[in-house]
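Per-entry structural report
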Amino acid sequence: MTDNKVNAKSVNEKVISPAVIKRLPRYYRYLGDLLKNDVVRISSKELSQKMNVTASQIRQDLNNFGGFGQQGYGYNVEFLYNEMGRILGLDRTNNIIIIGAGNLGQALANNQDFDSNGFKIIGLFDVNPRLIGMTVRGVEVYDIDMLEDFLSKNEVMIAALTLPKNKATKIAGELVDLGIKALWNFAPVDLNLPDDVIVENVHLSESIMTLSYRIHSKNL
């Protein structure tokens, strides 16, 4: 098995399929579970049986980042887990702010899994005077008018949008103007932003509609 680090430059220059990127967190989660169960090594076949992904697909996915296994040995679980975390950027602290401190925003702020994966929520913002000044798991809710000053004093990697769609587009534009380059968008609206801005959409209503289709399509 090779212990060489992935060449970051070569990976960055290679275009990775969105489908592969979507699978990376899943690999990380399963490898974490294996570590907790004291599994030292695993073959692509064994991992495929746990994840319901073909062994060939696993090898192809990992080869995008240099490959991590050795024929006849498989993968060192701890090494692969750490490398997967590094590829996902989880070896660094990623500061997050949440725009919209309602039920969804507060639910995100209360999610302790973020802390263990290197994501740190450092502020929530809202226009509702009843919410401003309260804290959610130790994180303060600020007036949205303080956003520019807050960003000038704090390094923020990601802004989560948990607000109505009629406000999301305007706020997203303001965030981009203030230097935010990554948006985690929970608002049910498509954002038209510059190409260098990364947007990850989490449209809950569309997800439940997809589930509804899968349930009822059997009866069509």
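Model, not experiment: these values are computed from the prediction. (Residues numbered from 1 in each chain as written. Predicted model: local features only at pLDDT ≥ 70, side-chain atom pairs only at ≥ 80, totals over all residues. Heavy atoms only, no water.)

What follows covers the side chain of Asp-61. Here Asp-61 lies in helix H4 (residues 55-63). Exposure remark for Asp-61: the relative accessible area of 1% places this residue in the buried category. Those residues in contact with Asp-61, other than ones at most four positions away along the chain, are Val-20, Arg-23 and Tyr-27. (Helix = DSSP H or I, 4+ residues; strand = E, 2+ residues; numbered from the N terminus. Buried < 20%, exposed > 50% of the residue type's maximum accessible area, 1.4 Å probe, protein only. Contact = heavy atoms within 4.5 Å.)

Our next topic: the nonpolar core. Ranked by size, the top nonpolar core spans 24 residues in total, and within it Ile-97, Ile-99 and Leu-175 carry the most contacts. If you list the elements that add at least two residues to this core, you get strand S3 (94-99), strand S4 (119-126), helix H8 (147-153), strand S7 (158-161) and helix H9 (165-177). The element contributing the most residues to this core is H9, with five residues. With 22 residues, the next largest nonpolar core counts Ile-16, Val-77, Tyr-81 and Leu-90 among its residues. (Core = buried A, V, L, I, M, F, W, Y, C linked by side-chain atoms within 4.5 Å.)

Taken N-terminus to C-terminus, the directions of helix H2 (residues 18-36) and helix H3 (residues 44-51) make an angle of 105 degrees; their axes are 11 Å apart at the nearest point. As far as their axial angle goes, H3 and H2 are roughly perpendicular. Residues Arg-26, Tyr-27, Tyr-30 and Leu-34 of H2 form the contact with H3, whose participating residues are Leu-47, Lys-50 and Met-51. Of the residues assigned to the contact of H2 with H3, the class counts are five nonpolar, no polar and two charged. (Axes fitted to C-alpha atoms, helices over the stretch in contact; angles between N-to-C directions. Parallel < 35°, antiparallel > 145°, perpendicular 65-115°, else oblique. Nonpolar A, V, L, I, M, F, W, Y, C, P; charged D, E, K, R; others polar.)

This brings us to the pattern of salt bridges. Counted by the stated rule, this structure contains eight salt bridges. Note that Arg-92 is salt-bridged to Asp-91, the shortest N-O span being 3.2 Å. We note a salt bridge from Asp-196 to Lys-181, for which the minimum N-O separation is 2.8 Å. On the criterion of sequence distance, the pair formed by Asp-196 in the loop between strand S8 (182-185) and strand S9 (198-201) and Lys-181 in the loop between H9 and S8 is long-range, its members being 15 residues apart. Under the relative-accessibility criterion, Asp-196 is labelled partly exposed at 48%. (Salt bridge = Lys/Arg side-chain N within 4 Å of Asp/Glu carboxyl O.)

For the rest of this paragraph, the subject is the packing of H2 against helix H5 (residues 77-87). Two numbers describe how H2 lies on H5: the axes approach to 9 Å, and their chain directions differ by 145 degrees. Of the two possible hands of crossing, H2 and H5 adopt the one that is left-handed. For the pair H2 and H5, the contacting residues are Leu-24, Tyr-27, Tyr-28, Leu-31, Gly-32, Leu-34 and Leu-35 in the first and Val-77, Glu-78, Leu-80, Tyr-81, Met-84, Gly-85 and Ile-87 in the second. The residue inventory of the contact of H2 with H5, partitioned by class, reads 11 nonpolar, two polar and one charged. (Left-handed = near helix turned anticlockwise from the far one by under 90°.)

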